[in-house]
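# Per-entry structural report
For reference, the chains in residue letters:
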Amino acid sequence: MMKKTMFATAMAAAAIVPLSQAQAADYQIDIEGQHAFVQFKINHLGFSYILGSFEEFDGQFYYDADDLDASSVEMEVQVNSLNTNHAERDRHFLSSDFLNASEYPTATFTSTGFESTGENEGVVTGELTLHGETQEIEMPVTLMGEGDDPWGNYRAGFEGSTMLTLSDFGIDMSDFPEAMHELELYVTFEGIRQ
Amino acid sequence: MWRNTQSGWGIISILFHWLSALTIVGLFVLGWWMTDLGYYDAWYNQAPWVHRSIGILLMLATFARLGWRLIQPTPHAEGNRLERLAAHVGHIALYALLLLVLVSGYLISTANGRGISVFGWFDMPALLHGLPNQASLAGDVHWYSAIALMLLAAGHAGAACIHHWRYRHTTLRRMVNPKISQQRH
């Protein structure tokens, strides 16, 4: 009798859990399936844009729909993994003229706060370390979706972008036109709940 | 006359040697100059294009040259035993450094899998790409091995001068005059 009750309780709990969208959880960014991108876009002499991607990075975040103030995210990017579809340009970007990747091989972001600005939207504040310089930045982010995936995990996905002024990070762009002094950083990823 | 003998170098080896020497020094000077060009310089894109094109041609020529070197006789070395050993090691190091400079240069430009256009005549395909940090590492190797090659080449030229003026060997003359390969020694 006792066993039956426990069983019923467990079944009830199991039935309720999937209905609840909100669960406190740590998420690991889905690097294995690579549903994660760190990209940038910078003007080229006023003619067009250069798009680039950092291919190696990792990170985790904390997301609980019932406790958004507790949201946090940490990422570490391997600067040498930069790819702009042009090997010699990549080498130039990684040289001491710009990113100086041999001296500063990683870029990191650690959030310090989150403010909800509407349904599925908010602004992440945090410390971005790039080129050895740490600056506080704000990045508006959007929750794109969350739920059970087809492969037995629970995932949540976001995107966000912000403009960075390169001189704030000690990268000298004074030889280049004004339009190239800042770039857009775009990040999107899915996390798998641990 | 075309082929090498124990006595001296044939025309083909002589041409390979001097055309390579001229090209290698020229590429070094061009490379040194072009890496200091500003982004707005008219040669900023053109100079590397020429450097890459000539570099690929030199690489292909060097493969042919090494093939020829291996199937042809090598003229006897001059000097005492230590000098002959030093010359042998020096020559192997020159070839090794040359190959290192050529291959590392090739690996910079092909790091993302894109081939190298040789004067627009044909594309040298990317055979090895996507290695971690390939362009930057290959770039460092290219730079330092090119400097080492120049230093060793200067030593090589100095040794040739010593053979020629101090010891009165045929070493330098036979790299100029293919007729020496026809003489008995």
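The structure we're discussing is the one just above.
Within any chain, residue numbers begin from 1 and follow the written order of that chain's sequence. Following the order in which they are written, the chains are lettered starting with A and the ligands numbered starting with 1. Only residues with pLDDT of at least 70 get local features here, since the model is predicted, and only at 80 or more are side-chain atom pairs given and counted; chain-wide, interface and lining totals rely on the full set of residues. The basis for every side-chain value is the complete set of heavy atoms in the structure, and neither hydrogens nor water enter the calculation.

## Description of the overall build of chain A
Each helix and strand counted, chain A has two helices and eleven strands in total. Listed N to C, the secondary structure of chain A is α-β-β-β-β-β-β-α-β-β-β-β-β in terms of helices and strands. Within chain A, buried positions represent 39% of all 194 residues. Intrachain contacts of chain A at a sequence separation of at least 6 include 54% that bridge at least 24 residues. With an accessible surface of roughly 10,900 Å², chain A has 52% of that area assigned to carbon and sulfur atoms. Secondary structure elements are taken from DSSP: a helix is a run of H or I of four residues or more, a strand is a run of E of two residues or more, and numbering for both begins at the N terminus. Buried residues are those whose accessible area, probed at 1.4 Å on protein chains only, stays under 20% of the maximum for their type, while exposed residues exceed 50% and partly exposed ones sit between those limits. Contacts were defined at the residue level, with two residues in contact if any of their heavy atoms lie within 4.5 Å. For the area figures, the Shrake-Rupley method with a 1.4 Å probe applies, and any residue is considered shielded solely by the protein chains shown.

## A closer look at the packing of aromatic side chains
Here the aromatic set is Phe, Tyr and Trp, taking the six-membered ring for Trp, and pairing holds for ring centres within 6.5 Å; pairs whose planes are under 30 degrees apart are stacked, those over 60 apart are edge-to-face, and all others are tilted. Tallying each qualifying case throughout the model produces 19 aromatic pairs over all chains. When the centroid spacing of 5.8 Å and the interplanar angle of 55° are considered together, the rings of F28(B) and W32(B) count as tilted. Here F28(B) pairs with W32(B), and both are found in helix 1 (residues 11–34), just four residues apart, close to one helical turn. Taken together, the aromatic side chains of F40(A), F54(A), F93(A), F98(A), F176(A), Y39(B), Y40(B) and Y44(B) make up a single cluster linked through ring pairs. Over a ring means this: the NZ of a Lys or the CZ of an Arg is within 6 Å of the ring centre and within 35 degrees of the ring normal. The residue whose ring lies beneath K41(A) is Y49(A), and the NZ or CZ to ring-centre distance is 4.3 Å.

## Here we look at the side chain of S81(A)
Residue and element names in this part refer to chain A. The topology assignment puts S81 in the loop between strand 5 (72–78) and strand 6 (82–83). Within polar-contact distance, the side chain of S81 engages the backbone oxygen of Q78 at 2.6 Å. Look past the residues within four positions of S81 in its chain and what remains in contact with it is S53, F54, E55 and E56. For the purposes of these results, a polar contact is taken to be a pair of N or O atoms within 3.5 Å, where, inside protein, one atom must be able to donate a hydrogen and its partner to accept one; residues adjacent in sequence count only when each atom of the pair is a side-chain atom.

## With respect to the pairing of strand 5 of chain A
Residues and elements named next belong to chain A. In strand 5, alternate side chains face the same way, and those of V73, M75 and V77 are buried while those of S72, E74, E76 and Q78 on the opposite face are not. For two strands to be treated as a pair, DSSP must find at least two bridges joining them. Pairing analysis gives six bridges linking strand 4 (residues 57–62) to strand 5, with the strands arranged antiparallel. Note on strand 5: the bridge partner recorded for Q60 is E74.

## Some remarks on the interface of chain A and chain B
Contact residues are listed per partner, giving 15 residues for chain A and 13 residues for chain B. Buried area, as used here, totals the accessible surface that two parts lose on assembly, with accessibility defined by a 1.4 Å probe and the loss added over both. Where chain A abuts chain B, roughly 1,200 Å² becomes buried across the two surfaces, and 47% of that area is made up of carbon and sulfur atoms. In terms of surface lost to chain B, no three residues of chain A exceed A87(A), E88(A) and R91(A), which account for 46% of the buried area on that side. When a carboxyl oxygen of Asp or Glu lies within 4 Å of a side-chain nitrogen of Lys or Arg, that pair is called a salt bridge. Taken together, the links from chain A to chain B amount to one salt bridge. In this structure, the salt-bridge partner of E88(A) is R52(B), at a minimum N-O distance of 2.6 Å.

## Brief notes about the nonpolar core
In terms of nonpolar packing, the biggest core is built from 46 residues, with V38(A), F54(A), F61(A), M75(A), L99(A), M173(A) and F189(A) touching the most fellow members. If we ignore the near neighbours within four places in the chain, the residues touching V38(A) are G52(A), S53(A), F54(A), F57(A), M75(A), V77(A), L185(A), Y186(A) and V187(A). Ranked by size, the runner-up nonpolar core spans 20 residues in total, among them L58(B), L102(B), M124(B) and A138(B). Residues grouped as a nonpolar core are buried Ala, Val, Leu, Ile, Met, Phe, Trp, Tyr and Cys residues, joined through side-chain atoms within 4.5 Å.

All quantities given are derived from atomic positions and should not be read as evidence of function.
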